[in-house]
Structure formats: structure tokens, C-alpha cells
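Overview (structure and organization)
If you want the building blocks of each chain, they are given just below.
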Amino acid sequence: MKYSKEDKPERAAGAGAGSRAVPVALVVIVLCAFSFYLGGVYSTGRSLLDAIQPGPTLLTLGTSTTSLHSSSSSDHPHPSPSTAAAAIAFPECPADFQDYTPCTDPKRWRRYGNYRLSFMERHCPPPPDRQQCLVPPPKGYKPPIRWPKSKDQCWYRNVPYDWINSQKSNQHWLAKDGDRFRFPGGGTMFPNGVGAYVDLMAALVPGMRDGTVRTALDTGCGVASWGGDLLGRGILTVSLAPRDNHEAQVQFALERGIPAILGIISTQRLPFPSAAFDMAHCSRCLIPWTEFGGLYLLEIHRVLRPGGFWVLSGPPINYENRWHGWNTTAQAQKADFDRLKKMLAAMCFKLYNMKGDIAVWQKLPDGAGAGCYDKLTSVSTPAKCDDSVDPDAAWYVPMRSCVTAPSAKYKKLGLGATPKWPQRLGVAPERINVVPGSSAGTFKQDDAKWKLRAKHYKALLPALGTDKIRNVMDMNTVYGGFAASLIKDPVWVMNVVSSYGPNSLGVVYDRGLIGVNHDWCEAFSTYPRTYDLLHLDGLFTAESHRCEMKFVLLEMDRILRPTGYAIIRDSTYFLDSVAPIAKGMRWSCEKRSTENKADKDKVLVCQKKLWAGKQ
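So, a few notes on the structure that sits alongside this text. Positions within a chain are numbered from 1, following the residues in the order the chain's sequence is written. Only residues with pLDDT of at least 70 are given local features in this predicted model, and only at 80 or more are side-chain atom pairs given and counted; all residues enter the totals for whole chains, interfaces and linings. For side-chain calculations, the full set of non-hydrogen atoms in the structure is used, while hydrogens and water are omitted.

Let us look at the sheet that holds strand β5 (residues 180–182). Strands belonging to one sheet form pairs held by backbone hydrogen bonds; the direction of such a pair is parallel or antiparallel. The three strands lie next to each other as β3-β5-β4, forming an open sheet whose pairing is antiparallel. Of all strands in the sheet, those with a lone pairing partner are β3 (153–155) and β4 (175–177), marking the two edges. Ignoring strand direction, the axes of neighbouring strands in this sheet form an average angle of 30°. Strands are treated as partners if at least two bridges between them are detected by DSSP. Secondary structure elements follow DSSP: runs of H or I no shorter than four residues count as helices, runs of E no shorter than two count as strands, and numbering proceeds from the N terminus. To get an axis, a line is fitted to the C-alpha atoms, and for a helix only the part in contact is used. The angle between two axes follows their N-to-C directions and goes from 0 to 180 degrees.

See the structure below:
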């Protein structure tokens, strides 16, 4: 919060005689001193609340307490009072908030129109309506089953929803078994199991077997069985589904330890840069691909890498044998299939392969297909996008009815030109040069820096690198260096790039990692209790002028699993401010030095407690 600097109080006119002389002079001195003090406060950039608040005391990860002000005054430029502050107390949210998703809240959907299901997109509550309470876990919640067993089972009480089990029981998405849900790997379009389905797909797309295909997007993911199977094949998938009447698709996916976010292709671009994914997939995801002039297909085209693959199973693929189960006619499905093929060809896709229920199209690289992109103009159908909107801009940017042509300035962005996995992880991509202040040299330095930091973090937090931590979020990454340093550990990392800073997310994807754009002044697109570890490197220093720390920390508490961890790396000044809020959220924290003990920044390692809601 910003404050305007107040004027200093004017000095009083001549002092009165007698007994009034001393009190008036004293008042003047006090007022002048207070004004001078305020000036010092404002010059440091601190708020008035910070200035009058005494220094905090943190609980350690053990049993004793330790003051955050144990470091010498040379560690930070701000004054640090020595007295301990009481924690800021936060009440528990009502019990029906156990799956509260602030920006995709079904209780608020009536406020928004039904056009193209836009009410399911992000609509965050205004500041006066923000909740300032701790989201309770469901009754009977306990720490999730550890990876890799979690891929096939989860505790029923952690995600106590039976809708999918009852409505999709014949498709074997999941099954209730005592105190657990089990995930047999079934799905609408893979009755023989997801493994057999992906085997057929890999036969159609050989690049899935040799490291050519590394990143994938699954639209309408169900419980993310497709993405879960690909993890074992070296392919990292972002599974995407809206918060709908299936209740908890994304929550099931994350409970299993599979990457997923809440989202829908509707009116806004997906929170990814252009040319991000090597493959996109829809298995009867019920997205009307041929409606609205193929607008949703154009968004798939934007986020696919040149040479990347789009895979579709379900209507209208294999309509000759399937139409009778789709509540339609063979003629209608043939017309839809013909329209789909025509649209995709006009968007510079070519039909790559097809067998049974699966069809694969490939996005043409620049210059391929007899110059397909050269034939597009501002008045063609579809039109070619002009330069007025950055193709990588993806935070509350409306989708456009135009084709994003591959950029001529990139020669190695295409799927065939990109190094195969895992070599691409350590290669500075071409897009590094469009990130302000970045180069191949800074990329290499960043990579080396994060290897040292990750080693230090594992010394501070022994659970990191073990099966105790599976779902990780790097809340303000640059090149994905922290994720790259953990690539051999049993974790996956959601890399978050600020929507208000340099957009380096394309570099993250070029390395074969995944992530999203996001503004931390708002809630993240996920359910509560979905991450084991949250990592922040300088987030408060970068965003404190825009985002209120209290709400960022409450959002961290919402998405962090009970017994999960947070590693907060920032200046001592900001760590001091975090302390009373963290304590009020029932976290235990300990401040430690960085790997470079002379560094003025410090590391705060916190753990969230498991508590049962009183309601």
C-alpha cells in the first residue's frame, strides 16, 4: 500500500509567556521530531504499518523460537526493532470453503454471461471481497500417498467426491476402494487402458519415442491419466480442465502428483506463450473445434511449436464406426469432419497420420507446405495476425481470429530444429535474446547458480529430493533454473513467470520445462492443498509495490498442502515482514543463510501444519 508523504507541521508562532512557554516549545519539538521520523520512514519505502510494528519472532522447524533479527545490522539497510511481534491472527474459513478457488468460484458464476462458457474463465473477486481466512482441509484429511504410488491411488477423504465415480464408472476413470480412490487408467476413448492408447499414438508419432516430443498440453484432461502415462515416457504434460460439474478433475490430477491447472479455452488466451508445446491433445474433450470460425483451433495453433502435433480422438474421428454412440448421425459427423479438415488446412496444419480413433495433424513450420503462411493475408480466411499484439502475451488477452505465423527471426524454434530431450535442457535457446538483459552467457551463469542453490536448499530441507515432495512451484522464475536443477529428483515443477515482468516463459518451454504466466496480486488457478513445496526468489522485492504481502501469503497457504514447505528467499527486511503473517497462518519457520553466507539476502524455510477445522 502506498502512502503520500505528509507535510511537516509548521513551526508555531512566538511562544507565550509564563507557564505556557515550556509546554508549547515541547509540543513543537515533539511534532518536528515525529515529522522527521515519518520522512525517514517514507524514504526507505516502508509503510507506516511496518514502521510502528515491532520486529517478529519465528517458530523454528524444531521446537524452540528464534528471532529473525539475529543477523547483524549490516545485513539490511532498514532499522530492525529488537522486540518480538505478536502473530497476525487469521480465522478459519467456513467448512464449505475446503475447495475454494477464488478466481473460478461457482458461487459467483451467475454474475457473468454464458457466452462460450466465459463464466468458467478467471473472474477474481475485487479487493473488498477477498477472503482473509485459512482454508480448512476436508474432515479426515491426511498427507497424500507418495509418488509413484500416488499415480494409481489417493486417499478418498482428501478428495471426497463421488460424481466421476458414479457417472463414469463404465469408463474406469477411477474407482472407490475402501478408504481410497484407485485410477485404473481408463477413459472415454481408451477402453483398453491409457497405456494401450498412448502406445497407438506413439506408433503414429515416432517423435514421442526419441525425445523429439517433450512438452504436451491436454485440453479437457479428465483425471489426467494421459498426462500421467506420458511422464513415464519422458514427456511432461500440462493437463487443463475447467471447474465444472465434474467437480474435481484437476484436484484429482494434482492429488495423484500429475501437473494440472484450472483453465478453459473460451474468450481469453491460455496463459502460455506462443510456440510452447510440442504436442496438444484432446480426447473427446467436448470442445466445439469447428464453431466460431475455428477460434479454438487458432489458439491451439498459437501455443504449438512449428512442426508440433495436434492429436484428436473422439467426434468426429472414426465417425463411420462411432457415430451411433454420439447421439448424432453419420452424415452430420462426416460434414463436421470435412469442415474440420478444411479449417485445419487453411490454418497451415497437415494431416500427419490417422488410425482407428486417433487422428494427428502437424503444424507446418515456416516455409513448408508450398509457403502456406505466405498465402495468408489480413483479409484471407483465416486472416494472418498483424504485429499489433505480441503472440507471447497471454494474461487476460482476448483470443483473435487470425493465424500466428512462425517468426522469421527464429531458425531453431521448430520441433525438428530444437535439440531433443534431454539435451535441450542445458542449451540456451534462441528466444533468450528477446528477454531484456539476457544472453547465452547469462543463461549459463543462471544454470550454474541454481545448481549451487539447489544443493544448499537440500541441506536446509532434507525432504527435498525425496518422495516426500512431489508437486513443486517456482513462483517467480526467470529461465526455469530451479526446476532444471531438480530434474533428476522425483518432482515436477510449475514455473511461474510474472505477467508484469520480462516474459521469459518461452525460454522455459524451449528448455523442455512447463509453466504459466501469472499475476501474484490474484489467486492461482488451482485447488487448495495441491503443492508440496513453494519456492520464492525475490518475489516480495519485485512485487511489493503492487501486491499486498498478506494476500500473497494467504494464497500460498491455500495452495500448499498441510505438512508442505515454503522456501522464501528475499532481503531480511521482507523476511521480517513475512514472519508475523506466517505465524498467524500456523506455519513454523526458520531463517537461514544463503549458500553465500556474505549474501545480504536470507532464506526462510517454513512448514505448514496439519490442522483440523473446528467447523
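Each residue's exposure class comes from its accessible area (1.4 Å probe, protein chains only) as a fraction of the maximum for that residue type: buried when under 20%, exposed when over 50%, partly exposed otherwise. Burial along strand β15 (residues 471–474) is two-sided: the residues Asn471 and Met473 and Val472 and Asp474 are all buried. Here β15 runs beside strand β16 (residues 492–498); their pairing, made up of four bridges, is parallel. Across the sheet, Met473 pairs through a bridge with Met494, a residue of β16. Pairing geometry for β15 and strand β18 (residues 531–537), over three bridges, is parallel. Among the inter-strand pairings, Met473 is bridged to a residue of β18, identified as Leu534.

For the rest of this paragraph, the subject is the packing of aromatic side chains. For any pair of aromatic rings, geometry is given as the distance between the ring centres together with the angle between the planes. Between rings of Phe, Tyr and Trp, where Trp is taken as its six-membered ring, a pair exists when centres lie within 6.5 Å; planes separated by under 30 degrees are stacked, by over 60 edge-to-face, and by other angles tilted. A full pass over the atoms with the stated rule returns 22 aromatic pairs. Ring geometry for Tyr319 versus Phe337: centroids 6.2 Å apart, planes at 55°, classification tilted. You can see Tyr319 sitting in helix α8 (residues 319–322) and its partner Phe337 sitting in helix α9 (residues 330–346), a full 18 residues away along the chain. Judged by relative accessible area, which is 12%, Tyr319 ranks as buried. The exposure class of Phe337 is buried, given its relative accessible area of 8%. Grouping aromatic residues by their ring pairs yields a cluster made of Tyr156, Phe181, Phe183 and Phe252. The ring centre of Trp611 lies 4.3 Å from the NZ or CZ of Arg586, which sits over that ring. Put simply, a charge is over a ring when the Lys NZ or the Arg CZ is close to the ring centre, within 6 Å, and near the line of the ring normal, within 35 degrees.

Taking strand neighbours across the sheet as the criterion, the seven strands line up as β8-β7-β6-β9-β10-β12-β11 in an open arrangement whose pairing is mixed. Every interior strand has two partners, whereas the edge strands, β8 (260–262) and β11 (349–355), have only one. Pairs of neighbouring strands in the sheet enclose a mean axial angle of 20°, with direction left out of account. Relative to strand β10 (residues 304–313), strand β9 (residues 277–283) runs parallel, the two being bridged by six bridges. Residue pairing across strands places Cys282 opposite Leu312, the latter belonging to β10. The criterion used for residue contact is that any of the two residues' heavy atoms lie within 4.5 Å. Strand contacts of helix α6 (residues 249–256): β7 (236–241) and β8, with the helix running at about 155° to β8, the strand carrying the most contacts. Sheet contacts for helix α7 (residues 295–303): β6 (215–219), β9, β10, β11 and β12 (358–363); angle to β10, the most-contacted strand, approximately 135°.

A separate point is helix α10 (residues 440–460). For α10, spanning 21 residues, the distance from its first C-alpha to its last is 30 Å, which sits close to the expected 30 Å at 1.5 Å a residue. If you check which residues of α10 are buried, you get Phe443, Asp446, Asp447, Trp450, Arg453, Ala454, His456, Tyr457 and Leu460. On its buried side, α10 packs onto α11 (481–485), α12 (505–510), β18, β19 (560–571), β20 (587–593) and β21 (601–608). By this rule the span expected of a helix is its residue count minus one, scaled by 1.5 Å.

Cysteine sulfur atoms that come within 2.5 Å of each other are treated as a disulfide pair. In total, this model carries seven disulfides according to the counting rule given. Linked covalently through their sulfurs, Cys93 and Cys133 form a disulfide whose S-S length is 2.0 Å. Taking the sign of the S-S torsion, about 95° here, the bridge from Cys93 to Cys133 comes out right-handed. In this pair, Cys93 is assigned in the loop between β2 (65–67) and β3 and Cys133 in the loop between β2 and β3, connecting sequence segments 40 residues apart. You can call Cys133 buried: its relative accessible area is 12%. A disulfide bridge connects Cys521 with Cys547, and the sulfur atoms are separated by 2.0 Å.

Another aspect to go through is the nonpolar core. As used here, the term nonpolar core means buried Ala, Val, Leu, Ile, Met, Phe, Trp, Tyr and Cys residues forming a set that is joined through side-chain atoms within 4.5 Å. Leu217, Phe272, Trp289, Trp310, Trp361, Met556 and Ile568 are the most contacted members of the largest nonpolar core, which has 118 residues in total. When near neighbours in sequence (up to four residues on either side) are disregarded, Phe272 contacts Leu217, Val238, Ile261, Phe277, Arg302, Val303, Asp392, Ala394, Leu505, Tyr509, Gly515 and Val516. Residues Phe190, Val194, Leu230 and Val311 belong to the second largest nonpolar core, which totals 21 residues.

Packed helix pairs are specified by the crossing angle of their axes together with the interaxial distance, meaning the distance between the axes. Between helix α14 (residues 549–559) and helix α15 (residues 572–584), the least distance of the axes is 10 Å, while the angle of their chain directions is 60°. Overall, the two elements α14 and α15 adopt an arrangement that is oblique. As α14 runs across α15, the sense of the crossing is right-handed. Facing Met549, Lys550 and Leu553 of α14, the residues of α15 in contact are Phe574, Ser577, Val578 and Ile581. Classes in brief: Ala, Val, Leu, Ile, Met, Phe, Trp, Tyr, Cys and Pro nonpolar; Asp, Glu, Lys and Arg charged; the others, Gly included, polar. Its residues assigned to classes, the contact of α14 with α15 comprises five nonpolar, one polar and one charged. Just so you know how the angles are binned, under 35 degrees is roughly parallel, over 145 roughly antiparallel, 65 to 115 roughly perpendicular, and the rest oblique. Rotating anticlockwise by less than a right angle from the far helix to the near helix defines a left-handed crossing, while the corresponding clockwise rotation defines a right-handed one.

Moving on, we get to the side chain of Asp392. Checked against the element boundaries, Asp392 lands in the loop between β13 (383–384) and β14 (402–403). Among the residues examined, Asp392 registers a relative accessible area of 18% and is labelled buried. Setting aside its immediate chain neighbours within four residues, Asp392 contacts Arg269, Phe272, Pro273, Ser274, Arg302, Arg431, Asn503 and Asn517.

In terms of burial, α6 is largely enclosed, as eight of its eight residues are buried. All buried positions along α6 are accounted for by Gln249, Val250, Gln251, Phe252, Ala253, Leu254, Glu255 and Arg256. Immediately beyond the C-terminal end of α6, within one or two residues, lies Gly257, with a positive phi of roughly 90°.

Looking now at the environment of Ser544. Residue position: Ser544 is located in the loop between α13 (539–543) and α14. Looking at Ser544, the relative accessible area reads 31%, which means it is partly exposed. Separated by 30 residues in sequence, Ser544 and Phe574 have C-alpha atoms that sit 9.2 Å apart. Dropping the residues within four chain positions of it, Ser544 is found in contact with Leu539 and Phe574.

Below, the discussion takes up the pattern of salt bridges. Take a side-chain nitrogen of Lys or Arg and a carboxyl oxygen of Asp or Glu: if they are within 4 Å of each other, that pair is a salt bridge. Tallied over the full model, the rule gives 35 salt bridges. Two residues, Asp278 and Arg424, come together in a salt bridge whose shortest N-O distance is 2.9 Å. Of this pair, Asp278 sits in strand β9 while Arg424 is found in the loop between β14 and α10, placing the two residues 146 residues apart along the sequence. For the pair Asp278 and Arg424, a shared accessibility class is recorded, and that class is buried. Where salt bridges share partners, they join Asp278, Arg305, Asp392, Arg424, Arg431 and Asp510 into one cluster.

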